Amino acid sequence: DQQVKQNSPSLSVQEGRISILNCDYTNSMFDYFLWYKKYPAEGPTFLISISSIKDKNEDGRFTVFLNKSAKHLSLHIVPSQPGDSAVYFCAATETGANNLFFGTGTRLTVIP
Amino acid sequence: GAGVSQSPSNKVTEKGKDVELRCDPISGHTALYWYRQRLGQGLEFLIYFQGNSAPDKSGLPSDRFSAERTGESVSTLTIQRTQQEDSAVYLCASSPLGGSPYNEQFFGPGTRLTVL
């Protein structure tokens, strides 16, 4: 059973516009959330994270929002750049767990 | 580079054969994870090593899967009597502090396994 879900397999955005990637989770015990970015033929690389005690975390052009009541988080990229084109994975974990639970990924294409 | 390396990058095998996948973590990283990603699915946790502690094998899908790690260095993932559903990209990750998935995991490029 998929505990972390990314329902949009792909997203296309014009350069300079905002990209919004969404993620939903089912396990209310999850207390830490991460976004990873993956280029073809490379492993995922960490992008940004958020603890459940916060509802927003910002790092440059990247902002992650967490809505615990809705069990939903989103990644905003502003402004989007062609180099942002990649697959983005949402991941979650809980205190005491040894591993991350990943979504299926969203392929972002930023059109120049 | 000093990143996580995996070999081979691609492996094609026949159903029923055994395969061995290798992971070289970043030097000094105490934690090592194996994940797999089957087509259209997310990364699926397989096994976790932390120092000299007993590994967490809770993600291994069957007894055909096993993994070893020597100290804090190389790890090998072995799949015996491969089946077509084992076809996936197998990803290894290491973490510098270990003990918690809160710590950033550094991923290798993966091994793409195809079972014919």
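Coordinates for the structure precede this section.
Worth saying up front: this structure is predicted, and the values here are computed from it rather than measured.

### So, the pairing of strand β8 (residues 88–95) of chain B
Residue and element names in this part refer to chain B. Burial analysis of β8 places eight of its eight residues in the buried class, the great majority of the element. Burial along β8 is two-sided: Ala88, Tyr90, Cys92 and Ser94 facing one way and Val89, Leu91, Ala93 and Ser95 facing the other are all buried. Sheet analysis places strand β4 (residues 31–37) next to β8, joined by seven bridges and oriented antiparallel. Of the residues in β8, the one forming a bridge with arginine 36 is tyrosine 90. For β8 and strand β10 (residues 111–115), the ladder comprises three bridges, and the chain directions are antiparallel. Each bridged residue has a counterpart across the sheet, and for alanine 88 the counterpart in β10 is leucine 113. As paired elements, β8 and strand β9 (residues 106–107) share two bridges and run antiparallel to each other. Looking at the pairing, alanine 93 lines up with phenylalanine 107 of β9.

### Let's talk about the state of the cysteines
Put plainly, a disulfide is one covalent bond tying together the sulfur atoms of two cysteines. By the definition in use, this model includes two disulfides over all chains. The side chain of Cys23(A) participates in a disulfide bridge whose partner is Cys90(A); the two sulfur atoms lie 2.0 Å from each other. The sign of the -75° torsion about the S-S bond sets the Cys23(A)-Cys90(A) disulfide as left-handed. Of this pair, Cys23(A) sits in strand β3 (residues 19–25) while Cys90(A) sits in strand β9 (residues 86–93), and the two are 67 residues apart along the sequence. With respect to burial, Cys23(A) and Cys90(A) carry one shared label: buried. Each sulfur of the disulfide joining Cys23(B) and Cys92(B) lies 1.9 Å from the other.

### A word on the packing of aromatic side chains
Enumeration according to the criterion identifies 13 aromatic pairs over all chains in this entry. Consider the rings of Phe30(A) and Phe101(A), whose centres lie 5.4 Å apart with planes at 40°: the pair is tilted. A residue pair is termed long-range when its members are at least 10 positions apart, and Phe30(A) in the loop between β3 and β4 (32–38) and Phe101(A) in strand β10 (residues 101–102) qualify at 71 residues. Both rings, one in Phe102(A) and one in Phe107(B), keep their centres 6.1 Å apart while their planes meet at 80°; by these two values the pair is edge-to-face. Within this pair, whereas Phe102(A) is found in strand β10, its partner Phe107(B) is found in strand β9, the two belonging to separate chains. Overall, the relative accessible area of 3% leaves Phe102(A) in the buried class. Aromatic ring contacts, followed pair by pair, group Tyr36(A), Phe46(A), Phe89(A), Phe102(A), Tyr33(B), Tyr35(B), Phe45(B), Tyr48(B) and Phe107(B) into a single cluster.

### Thoughts on the interface of chain A and chain B
Across the contact, 20 residues belong to chain A and 18 residues belong to chain B. Here chain A meets chain B over a buried area of about 1600 Å², counting both sides, of which 60% is carbon and sulfur. When the buried surface of chain A facing chain B is broken down by residue, Pro44(A), Asn98(A) and Phe102(A) rank first, second and third, together holding 33% of it. Our count for the chain A to chain B interface comes out at zero salt bridges. Counting across the interface, chain A meets chain B through three residue pairs in polar contact (both at pLDDT 80 or more). Elements that contribute at least two residues to the side of chain A that touches chain B include exactly β4 and β9 of chain A. Residues that form the side of chain A that touches chain B fall into these classes: nine nonpolar, eight polar and three charged.

### Focus on the pattern of salt bridges
Overall, the coordinates contain five salt bridges over all chains when judged by the stated rule. Residue Arg61(A) is joined to Asp84(A) by a salt bridge in which the shortest nitrogen-to-oxygen separation is 2.8 Å. Residue Arg61(A) is found in the loop between β6 (56–59) and β7 (62–67), and its partner Asp84(A) is found in the loop between β8 (72–77) and β9; the two are separated by 23 residues along the sequence. A salt bridge links Asp86(B) to Arg64(B); the shortest N-O distance between them is 2.8 Å. Placement of the pair is Asp86(B) in the loop between β7 (75–79) and β8 and Arg64(B) in the loop between β5 (43–50) and β6 (65–69), with a sequence separation of 22 residues. Each of the two residues, Asp86(B) as well as Arg64(B), counts as buried. If you follow the salt bridges from partner to partner, you end up with Arg36(B), Arg38(B) and Glu44(B) in one network.

Cut-offs and rules
- Residues numbered from 1 in each chain as written.
- Chains lettered and ligands numbered in written order.
- Predicted model: local features only at pLDDT ≥ 70, side-chain atom pairs only at ≥ 80, totals over all residues.
- Heavy atoms only, no water.
- Buried < 20%, exposed > 50% of the residue type's maximum accessible area, 1.4 Å probe, protein only.
- Helix = DSSP H or I, 4+ residues; strand = E, 2+ residues; numbered from the N terminus.
- Pairing = 2+ DSSP bridges.
- Disulfide = S-S within 2.5 Å.
- Phe/Tyr/Trp six-rings, centres within 6.5 Å; stacked < 30°, edge-to-face > 60°.
- Contact = heavy atoms within 4.5 Å.
- Buried area = accessible area lost by both parts, 1.4 Å probe.
- Salt bridge = Lys/Arg side-chain N within 4 Å of Asp/Glu carboxyl O.
- Polar contact = N/O pair within 3.5 Å; in protein donor to acceptor, adjacent residues only side chain to side chain.
- Nonpolar A, V, L, I, M, F, W, Y, C, P; charged D, E, K, R; others polar.

Read these as spatial facts, not as claims about activity.
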